[in-house]
Amino acid sequence: MKILVTGTEGYLGSLLPPLLIERRHEVIGLDTGFYKVGWLYNPSGVTPKTLNKDIRNITPDDLEGIEAIVHMAELSNDPAGQLAPNITYEINHVGSVRLANLAKTMGVRRFVYMSSCSVYGVATAGDVTEESAINPQTAYAECKTLVERDVRPLADDDFSPTFMRNATAFGASPRMRFDIVLNNLAGLAWTSKEIKMISDGTPWRPLVHALDICKAIVCTLEAPRDIVHNQIFNVGDTANNYRVREIAEIIADVFPDCKLSFGDNGADNRSYRVSFEKINTILPGFKCDWNAQLGAQQLFDLFSQIHMAEDTFLFRGFTRLKQLEYLIRTEQIDKDFFWNKK
């Protein structure tokens, strides 16, 4: 299968292509290059040919002969969305829906969209399922719901979209992110030997390892069409719902001599537990291989191997908001987040 993967220079996008290529798929990458500077370690596997292009500028020629698209190239996470909500909507909503429409026009048969469990926002009535009400709290999460809303009606006999609502990702990646909860706490534990939380850590977060997300994508692409056609899947494992304080305790247990403390601030109202029964029951070959303990140990082993320094952990290339602010401040990208031509 000839597959276009958008966001191949991102946290997840850098992990997926080698897995697809190993399974004899032909992979073309696409990425605007905002986070190219972030490179934590040299991975194994083949790097695909990558188009250096903004998704808003994709043309029909870029999709010629493409049989499937895995779309994950959006402005990522809540702080980045708050930095420029209007651009977040332009890229994440309008740009993604335009890509889906263009894909359908060009005869692309499968479209796998990276959505997020953040669409549930605040949920207090037990584990939410794909049928539960959504309650997005941020521009980032709202855009995910809008793409789902606008792309699902495009489904027909020739165009088959699937929507992957990923839990909060964690784990090692060559294009590392230290602005997601488990990875951030692991970085603090390694560099300062202290996790000092200002919150009480009571909100719930579902976690899923980056490689398990990639596994879900591979399984979706290779599944019989009728199983995944126009379906929404929560991606993760129900056993991997954790309170934030539990994540911190796991990290502190894995990283030697790490001091751990909590505050009284309970201001973060984003709290939800998620059921992942559907994907584990329906999607052939899918089962999570990782949990928080294994992920924490993976990061400890990696940091030990590369002798990670504090300035590496704090480097802007590994935090989405810092890098975008840098590109704006240095006028490398304009007010619309297009590269300045100089």
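Residues numbered from 1 in each chain as written. Predicted model: local features only at pLDDT ≥ 70, side-chain atom pairs only at ≥ 80, totals over all residues. Heavy atoms only, no water.

Under an unreviewed UniProt entry, the name given to the chain is SDR family oxidoreductase, and the source organism is Nostoc flagelliforme FACHB-838.

Undergrad: If you had to explain the nonpolar core to someone new, which residues and values would you point to?
TA: Leu16, Val70, Ile251, Phe255 and Ile279 are the most contacted members of the largest nonpolar core, which totals 73 residues. Considering every element that reaches this core, the biggest residue donor is helix α6 (residues 210-222), with eight residues. Apart from residues lying up to four places away in sequence, Leu16 is in contact with Val5, Val70, Met72, Cys214, Ile217 and Val218. Among the nonpolar cores identified, the runner-up in size contains 34 residues, and Ile66, Val97, Leu99 and Phe163 belong to it. (Core = buried A, V, L, I, M, F, W, Y, C linked by side-chain atoms within 4.5 Å. Buried < 20%, exposed > 50% of the residue type's maximum accessible area, 1.4 Å probe, protein only. Helix = DSSP H or I, 4+ residues; strand = E, 2+ residues; numbered from the N terminus. Contact = heavy atoms within 4.5 Å.)

Undergrad: Can you lay out the pairing of strand β4 (residues 68-71) for me, pointing to particular residues and giving the numbers?
TA: Each regular strand carries side chains that alternate between the two faces of the sheet. The side-chain alternation of β4 yields two buried faces, one formed by Ala68 and Val70 and the other by Ile69 and His71. With four bridges joining them, strand β1 (residues 2-6) and β4 adopt parallel strand pairing. Bridge pairing in β4 links Ile3 to Ala68. Bridging between β4 and strand β5 (residues 110-116) involves four bridges; their strand directions are parallel. Pairing of Ala68 across the sheet is with Arg110, part of β5. (Pairing = 2+ DSSP bridges.)

Undergrad: An account of the pattern of salt bridges is needed here, citing residue identities and associated values.
TA: In total, this model carries 15 salt bridges according to the counting rule given. The partner of Asp179 in a salt bridge is Arg177, and the shortest N-O contact between them spans 2.8 Å. Owing to a relative accessible area of 21%, Asp179 belongs among the partly exposed residues under this scheme. Notably, a salt bridge pairs Asp336 with Lys335, separated by 3.3 Å at the nearest N-O pair. Taking relative accessible area as the criterion, Asp336 reaches 24% and is therefore assigned partly exposed. One continuous salt-bridge network, built from bridges that share partners, spans Asp54, Arg56 and Glu90. (Salt bridge = Lys/Arg side-chain N within 4 Å of Asp/Glu carboxyl O.)

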